[in-house]
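Examination of the molecular architecture
Each chain, written out:
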Amino acid sequence: MNHAQKAEIFNKDEAKVNWHDKALWYVREKRDTAAHGVKGWEHLRDLASGIKAHVLSNLDEYLITFEKNAQKNGITVHWASNAEEHNKIVNKILADNNAKKVVKSKSMLTEECHLNPYLESKGIEVVDTDLGEYIVQIAKETPSHIVLPAIHKTKEEVDSLFQEHLGTTPSNGNPEYLTHEARKHLRAKFLEADAAITGVNFAIAETGGFVVCTNEGNADMGAHSAKIHIACMGMEKLIPKEAHLGIFLRLLARSATGQPITTYSSHFNKPGPESQMHIVIVDNGRTEQLSREDFRSSLHCIRCGACMNTCPIYRRSGGHSYDATIPGPIGSILSPGKDLTKHSSLPFASTLCGSCSNVCPVKINIHEQLYKWRQLITKDVKQPFIKKTILKMTGKVLSNPKLYGFGGRSVRFILKYAPRFLVYSKLNAWGKARELPKIKNGNFDQWYKEKRKN
Amino acid sequence: MGKEEILRSVRKNKPTLIPLPEINLDTFNETIDLLANFKEKVALVGGTIKELSALNEIDREITKLFPNARNIVDCTKSSSLGTVSISDKTQPQDLEGVDLAIIPGAFGVAENGAIWISDDRFPIRILPFITKELLIVLEKKNVCLHLHDAYELLSKRDRSFGVFVSGPSKTADIEQCLVIGAQGALSLTVVLV
Ligand code: SF4
């Protein structure tokens, strides 16, 4: 199934979709308020983007420096070319230490590598300890959002999942009660864990240390309970100096949820007494993305999720419709680079409105890259006529700077001038479900302007 | 495994060197009341502020705030209420029942209400997370403007484990309803002296 077909399924539950849409837009608004409160916000974004671009252009040196400094501090560094190597390395560390019980905090990389099923097949128990990830784990699903993994679940659904798995009493989905029940359960898991796996938000070449950010405290509860801490990182997580954290940490949480900083920003430099600390550096397609000039900057991503919260398609199609580890606008750039055939519909899951690029804290030109993928895909993969026509129009707008600049957003142009069948064609499942329900007085333009004000 | 192959691939695929951008810290400079801003941000992130005129008032304040706390770990040596003593031999499991941990904060950050604490001041790393309630003692004069200043203050430290704590642990993973008290401490009180 392609994105549009999956989106259609998600759109069957109108009330849920509306809630999803609004909830994410609310997060986007909180992001705006937080960003506007920072003097020099745009300078921060420029710097973050510039630092990431610099790192990528010198990545080999930074990787070597990082490894050397980490080793000096007693951290063991491992290198994995792909997901399989990554999983094997993690399993070997666990096996060498006879570790059977693992607690894991949020790490999109381990999702990308499908680490959980691999370890489970080796007889290891893995418990996801971020509440949202715990919910999707017991539901046997995958996260639908990189920051809000269970955003697609209603509280009633969580209630019945917890009744089944934790033996809770029915509470009509009382979030406080459910959260505290999960806390009790997870606390026991932390304290009996043999090893903890965490992600890495930033790794610092200069010091060989790394930073993990959470609101729940689950990464720390795991990493400081167990004697073995394995931190898995994509190679693009490196930054040159610790002082650069000042820039990235100011951007990350504000962009993600509108908080001024996450509750915990934990700086790991040395293993604790009688403990081991391991870092697994993973490529898994990243050096290939590095070679693609047009898509290289997608490696700047700090996984804040802002592009998802703001995306009109994501909000109305849900993360699972992308059928990729990283959904939303950034996922639609990253995924085709990994498997073009499987993910060829993703770059079309966008109105090219540019809202993603506007909010991205590291200034990735997301919508332009989506458009570039479309060009490549239409060359490579046979497209139905209708999609080609839309593409042509989109192309026209984007290739004419005047038009683009004037309209501000190509989508406005398309929605305004494209015949109805073009906009609400098969490939726009989200459009179909929306069948212009909110146009007052039959004036589309007015409706659109009103929407833009909100 | 992998290392040489990865480095080779990076070298083949990376673009020509792009210089590291210049950071102009003046852009972020503001003349604001640091303490007032800090207090506002701590409240925003769900923490509670208590201002004391002298450190010796701390016991009275703690008894008032946490009348039911039995197992108390004090790492500041400013309270006499500590009931649990810990050392680097203490195991995480031994701390499961800690009601309150009192930890000295190095400095606070006005822009986000975060406080830096590090494991040179608490002998076991899990303490500020596993405790039910966390109380950080901070000197009023030790508040800096933003994270850039914070990392300047941190640049000379002995690096082991340290964390910026901004409020109590929290989650909004169930239908975006904010719940205070996730896996870490259920509350954060900042005592300013
Ligand atoms: S692409 Fe930008 S906005 Fe999207 S998750 Fe990554 S950093 Fe955030």
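Each remark here, short or long, concerns the structure printed above.
What comes next concerns the included structure. Going along each chain's sequence as written, the residues are numbered from 1 onward. The naming scheme follows written order: chains are lettered A onward, ligands numbered 1 onward. Totals for whole chains, interfaces and linings use every residue, but because this is a predicted model, local features are given only for residues with pLDDT of at least 70 and side-chain atom pairs only at 80 or more, for both listing and counting. Where side-chain values are given, they derive from all heavy atoms of the structure, hydrogens and water being excluded.

1. Things to note about the overall build of chain B
Per the convention used, a helix needs a DSSP run of H or I reaching at least four residues, while a strand needs a run of E reaching at least two, with both numbered from the N terminus. When you go through chain B residue by residue, the secondary structure sums to five helices and eleven strands. Expressed along its principal axes, the backbone C-alpha trace of chain B runs to roughly 65 × 45 × 40 Å. Looking at chain B as a whole, 54% of its 193 residues qualify as buried. Long-range pairs, those at least 24 residues apart, make up 73% of the contacts in chain B between residues at least 6 apart in sequence. Just so you have it, chain B exposes about 8,700 Å², and 49% of that area is on carbon and sulfur atoms. A 1.4 Å probe rolled over the protein chains alone gives each residue an accessible area, and that area as a share of the maximum for its type sets the label: buried under 20%, exposed over 50%, partly exposed in between. Throughout, a residue-residue contact means that at least one pair of heavy atoms, one from each residue, lies within 4.5 Å. For the area figures, the Shrake-Rupley method with a 1.4 Å probe applies, and any residue is considered shielded solely by the protein chains shown.

2. A word on the overall build of chain A
Secondary structure summary: chain A contains 24 helices and ten strands in total. Evaluated residue by residue, chain A yields a buried proportion of 64% over its 454 residues. Working note: accessible area of chain A is about 16,900 Å², and carbon and sulfur atoms make up 52% of it.

3. Considerations on the site of the ligand
Close contacts around the ligand come from 13 residues, with A:C301, A:C304, A:G305, A:C307 and A:C360 the closest. For this classification, the nonpolar set comprises Ala, Val, Leu, Ile, Met, Phe, Trp, Tyr, Cys and Pro, the charged set comprises Asp, Glu, Lys and Arg, and every other residue, Gly included, is treated as polar. Of the residues in the shell around the ligand, the class split is eleven nonpolar, one polar and one charged. By convention in this text, a residue qualifies as near a molecule or strand provided that one of its non-hydrogen atoms is within 4 Å of it.

4. Describing the pattern of salt bridges
For this analysis, a salt bridge means a side-chain nitrogen from Lys or Arg found within 4 Å of a carboxyl oxygen belonging to Asp or Glu. Applying the stated criterion to the full structure yields 39 salt bridges over all chains. Ionic contacts of the salt-bridge type, sharing partners, join the residues A:E112, A:E236, A:R286, A:R303 and A:K338 into one network.

5. Concerning the sheet that holds strand β2 (residues 72-74) of chain B
All names here are of chain B. Two strands are counted as paired when DSSP detects at least two bridges linking them. Here five strands make up an open sheet; going across it, the order is β1-β11-β6-β3-β2 and the pairing parallel. The open sheet has two edge strands, β1 (48-51) and β2, and neither has a second partner. Neighbour-to-neighbour, the strand axes of the sheet open up by a mean angle of 20°, direction not taken into account. Contacts from helix α2 (residues 34-44) reach β1, β6 (133-138) and β11 (187-192) within the one sheet, and its direction differs from that of β1 by about 140°. Axes here mean lines fitted to C-alpha atoms, for a helix over just the part in contact, with angles spanning 0 to 180 degrees between N-to-C directions. This element, helix α3 (residues 58-65), spans β1, β3 (100-104), β6 and β11 of the sheet and lies at about 155° to β6.

6. Some details on the side chain of A:T263
Mapping A:T263 onto the fold places it in the loop between α12 (245-256) and β9 (264-268). Within the local environment of A:T263, its side chain forms a polar contact with the side chain of B:K170, the two groups lying 2.8 Å apart. Look past the residues within four positions of A:T263 in its chain and what remains in contact with it is A:T214, A:N215, B:F164, B:V165, B:S166, B:G167, B:P168, B:S169 and B:K170. Counting of polar contacts relies on pairs of N or O atoms within 3.5 Å, with two restrictions inside protein: one atom must be capable of donating a hydrogen and the other of accepting it, and residues adjacent in sequence are counted only when both atoms are side-chain atoms.

7. Re empty space enclosed by the protein
All names here are of chain A. Grid points spaced at 1 Å and placed over the protein atoms alone form the basis of the search, with a cavity being a set where a 1.4 Å probe fits but cannot get out and a pocket an open set showing protein on both sides within 12 Å along at least five of seven lines. Lining residues have an atom within 4 Å of a point. Grid points are joined across faces, edges and corners, and a volume is the space filled by probe spheres set on the points. The full count for this structure, using the stated rule, is three cavities of 30 Å³ or more. Estimates place the volume of the largest cavity at around 90 Å³. Every residue lining the largest cavity is counted, 14 residues in all, and those nearest its centre are C301, C304, C307, C360 and P361. Taken together, the residues of the lining of the largest cavity break down into twelve nonpolar, one polar and one charged.

8. Thoughts on the interface of chain A and chain B
Taken residue by residue, the interface counts 94 residues in chain A and 75 residues in chain B. As used here, buried area is the combined drop in accessible area, with a 1.4 Å probe, of two parts when they are placed together. Between chain A and chain B, roughly 7,100 Å² of surface is buried when both sides are summed, and carbon and sulfur atoms account for 61% of that area. Put simply, chain A and chain B have nine salt bridges between them. Two residues, B:E175 and A:K155, come together in a salt bridge whose shortest N-O distance is 3.8 Å. Classifying every residue of the side of chain A that touches chain B by side-chain character gives 42 nonpolar, 30 polar and 22 charged.

9. Things to note about the sheet that holds strand β3 (residues 125-128) of chain A
All names here are of chain A. Reading across from one edge, β1-β10-β7-β4-β2-β3 is the order of the six strands in this open sheet, with parallel pairing throughout. Of all the strands in the sheet, the pair left with one neighbour each is β1 (76-80) and β3. The sheet shows a mean angle of 20° between the axes of neighbouring strands, taken without regard to direction. Strands β1, β7 (228-234) and β10 (276-282) of the sheet are contacted by helix α4 (residues 59-72), whose axis makes an angle of about 150° with β1.

10. What about the environment of B:R157?
Considering the arrangement of structural elements, one finds B:R157 in the loop between α5 (147-154) and β8 (161-165). Along the backbone, B:R157 and B:L95 are 62 residues apart, and their C-alpha atoms lie at a distance of 27 Å. Beyond its immediate chain neighbours, meaning those up to four positions away, B:R157 contacts A:E242, A:H267, A:N269 and B:W116. Among the polar contacts listed, one links the side chain of B:R157 to the side chain of A:E242, at a separation of 2.9 Å.

11. Focus on the packing of aromatic side chains
Working definition: rings of Phe, Tyr and Trp (its six-membered ring) pair if their centres are within 6.5 Å, and the pair is stacked with planes under 30 degrees apart, edge-to-face with planes over 60 apart, and tilted otherwise. What the rule picks out here adds up to eleven aromatic pairs over all chains. Ring geometry for A:F268 versus B:F161: centroids 5.1 Å apart, planes at 50°, classification tilted. One end of the pair, A:F268, is in strand β9; the other, B:F161, is in strand β8, on a second chain. Pair check on accessibility: A:F268 and B:F161 agree, each one buried. Ring geometry for A:F295 and A:W373: centres 4.2 Å apart, planes at 15°, overall stacked. Taken together, the positions of A:F295 in the loop between α13 (286-291) and α14 (306-310) and A:W373 in helix α18 (residues 366-380) put the pair 78 residues apart, joining distant regions of the chain. We call a charge positioned above a ring when the Lys NZ or Arg CZ atom is no farther than 6 Å from the ring centre and deviates by at most 35 degrees from the ring normal. Seen from the ring of A:F248, A:K52 lies directly overhead, with NZ or CZ sitting 5.5 Å from the centre. The lysine or arginine in question, A:R250, covers the ring of B:F28, its NZ or CZ lying 5.4 Å from the ring centre.

The values are spatial; any link to function lies outside them.
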